[in-house]
Amino acid sequence: MKLTSRGPSETEEIGFRLGLRLRPGDIVALFGDLGAGKTTMVKGIARALGVDSGEVVSPSFTIITEYGSSPPLVHVDLYRIAGAGDLEDIGLWECIGGNSIAVLEWAERAEDELPDGTLRVRLTNPGGDDREIAIEGLDEEDRDHLQA
Ligand code: ADP
Ligand code: MG
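Residues numbered from 1 in each chain as written. Chains lettered and ligands numbered in written order. Predicted model: local features only at pLDDT ≥ 70, side-chain atom pairs only at ≥ 80, totals over all residues. Heavy atoms only, no water.

Trainee: Any chance you could explain a negative patch on the surface here in plain terms?
Mentor: Taken together, Glu88, Asp89, Glu94, Asp112 and Glu113 make up a surface patch of like negative charges. With respect to the helices and strands, aspartate 112 occurs in the loop between strand E5 (101-105) and strand E6 (119-127). (Patch = residues over 30% accessible without salt bridge, like charges linked within 9 Å, V, L, I, M, F, W, Y side chains within 5 Å. Areas by Shrake-Rupley, 256 points an atom, 1.4 Å probe, with all protein chains shown as cover. Salt bridge = Lys/Arg side-chain N within 4 Å of Asp/Glu carboxyl O. Lys, Arg positive; Asp, Glu negative; His and termini not counted. Charge placed at Lys NZ, Arg CZ, Asp CG, Glu CD. Helix = DSSP H or I, 4+ residues; strand = E, 2+ residues; numbered from the N terminus.)

Trainee: Would you mind showing me how to read the sheet that holds E5 here?
Mentor: One key point about sheets: their strands pair by backbone hydrogen bonds, in either a parallel or an antiparallel sense. Spatial ordering of the open sheet is given by E1-E7-E6-E2-E5-E4-E3, a layout of seven strands whose pairing is mixed. The outermost strands of the open sheet, each flanked by one partner alone, are strand E1 (2-5) and strand E3 (64-67). Going across the sheet, the axis of each strand differs from the next one's by a mean of 20°, ignoring polarity. By the bridge criterion, four bridges tie E1 to strand E7 (residues 130-136) in an arrangement that is antiparallel. Bridged to lysine 2 within E7 is alanine 134. Contacting strand E2 (27-31), strand E4 (73-77), E5, E6 and E7, helix H2 (residues 38-48) runs over the sheet at an angle of about 170° to E5. (Pairing = 2+ DSSP bridges. Axes fitted to C-alpha atoms, helices over the stretch in contact; angles between N-to-C directions. Contact = heavy atoms within 4.5 Å.)

Trainee: Just checking my understanding: could you explain the site of ligand 1 for this structure?
Mentor: In the neighbourhood of ligand 1, 16 residues make up the surrounding shell, with Thr11, Gly35, Lys38, Thr40 and Asp129 lying closest. One of the side-chain N or O atoms of lysine 38 is found 2.7 Å from an oxygen atom in ligand 1. Note that an oxygen atom of ligand 1 is positioned 3.1 Å from one of the side-chain N or O atoms of glutamate 105. A total of 560 Å² of accessible area belongs to ligand 1 in isolation, and the protein chains cover 76% of it. If you list the elements that add at least two residues to the shell around ligand 1, you get helix H1 (8-21) and H2. It is H2 that provides the largest number of residues to the shell around ligand 1, a total of three residues. Residue composition of the shell around ligand 1, by class: three nonpolar, seven polar and six charged. (Near = heavy atom within 4 Å. Polar contact = N/O pair within 3.5 Å; in protein donor to acceptor, adjacent residues only side chain to side chain. Nonpolar A, V, L, I, M, F, W, Y, C, P; charged D, E, K, R; others polar.)

Laid out in structure tokens, this is it:
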């Protein structure tokens with residue numbers, strides 16, 4: 001499905017609605033350039049899980065941040081990852097899946113390695129404050145919920 005966001009608060013709201021649909025074990029892969037709105041969307045997902053969105057920042061330097069929600073939210077930023085081999089080194093596969101909900105920024109870095117069932121979210125900036133947000137992998141009920 002494709003959604004258009006007209007500003008940061010709309011992107012966060014889309015994240016919030018998506019977050020309400022997520023279940024333990026879900027993995028959300030966020031694709032898009034710097035400034036596309038990936039972290040903004042994660043703030044909304046975090047809020048849906050009861051995490052203070054002010055706690056959510058781009059985890060570029062830490063690569064993996066886990067928030068103590070229930071289920072836990074694992075926020076990953078793959079910006080600094082050079083290749084698929086690094087994914088093992090950072091322990092990505094031990095940190096995602098399981099009972100947590102994982103969101104991955106710069107999922108381009110792991111595209112060929114993403115587990116089956118990963119939700120793919122592609123954010124693009126056509127200009128100004130608009131963002132096109134394409135989400136793949138949702139069932140019909142989830143789509144209805146996000147459209148409303
Ligand atoms: P990323 O994590 O993809 O690098 P961020 O969410 O950190 O992106 O930053 C997005 C930037 O773009 C912020 O400065 C935000 O204010 C701005 N922005 C403008 N319009 C939007 C929009 N519709 N959705 C999300 N961010 C937007
Ligand atoms: Mg970011």
